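Letter by letter, the chains look like this.
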Amino acid sequence: GARRSATPPRQHGEREGERARGKMKFLQNLMSYWANMLLVETLANSRTFQRFAISSDKALRELKKKGDLSAQDITKQASAFSEEMTKAFRDEMMKKK
């Protein structure tokens, strides 16, 4: 007799579900790309963010020269960077309104 495969044949609904997931993944990637572009453009044009980036870079270089760069120093700088980036982004978005 004929042998049956271990996996049942795919149903029509399963294929449509896969297509829908593929479309959603594409839309998610597209939205993520646009959000990243907006964020980068906004921060690149923010004077506040530029000043902060320069001062952070200078502080990290000085700590590195001294050899005093610890995990705690890096954590403090990263935290300050995150806060300043958020503030700069909000400021820029408010200017556009």
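Right above here is the structure, for reference.
All values derive from a computational prediction rather than experimental measurement. (Residues numbered from 1 in each chain as written. Predicted model: local features only at pLDDT ≥ 70, side-chain atom pairs only at ≥ 80, totals over all residues. Heavy atoms only, no water.)

Asker: Would you mind going over the pattern of salt bridges with me for this structure?
Answerer: Close approach of charged atoms allows side chains of opposite charge to pair. On inspection of all chains with the given rule, the structure shows 2 salt bridges. A salt bridge links R61 to D57; the nearest nitrogen and oxygen atoms lie 2.8 Å apart. One end of the pair is R61 and the other is D57, both in helix α2 (residues 47–66) and 4 residues apart, which spans about a single turn. You can call R61 exposed: its relative accessible area is 53%. (Salt bridge = Lys/Arg side-chain N within 4 Å of Asp/Glu carboxyl O. Helix = DSSP H or I, 4+ residues; strand = E, 2+ residues; numbered from the N terminus. Buried < 20%, exposed > 50% of the residue type's maximum accessible area, 1.4 Å probe, protein only.)

Asker: Even after reading the chapter, I still don't get the environment of N45, so can you show me in this structure?
Answerer: Looking at the element boundaries, N45 is found in the loop between α1 (12–44) and α2. Accessibility expressed as a relative area gives 52% for N45, which makes it exposed. As a C-alpha pair, N45 and A88 span 43 residues in sequence and 9.7 Å in three-dimensional space. Ignoring any residue separated from it by four or fewer positions in sequence, one finds N45 in contact with Q50 and E92. A polar contact of 3.0 Å, which involves the side chain of N45, links it to the backbone oxygen of E41. (Contact = heavy atoms within 4.5 Å. Polar contact = N/O pair within 3.5 Å; in protein donor to acceptor, adjacent residues only side chain to side chain.)

Treat this as a map of the structure, not an account of what it does.
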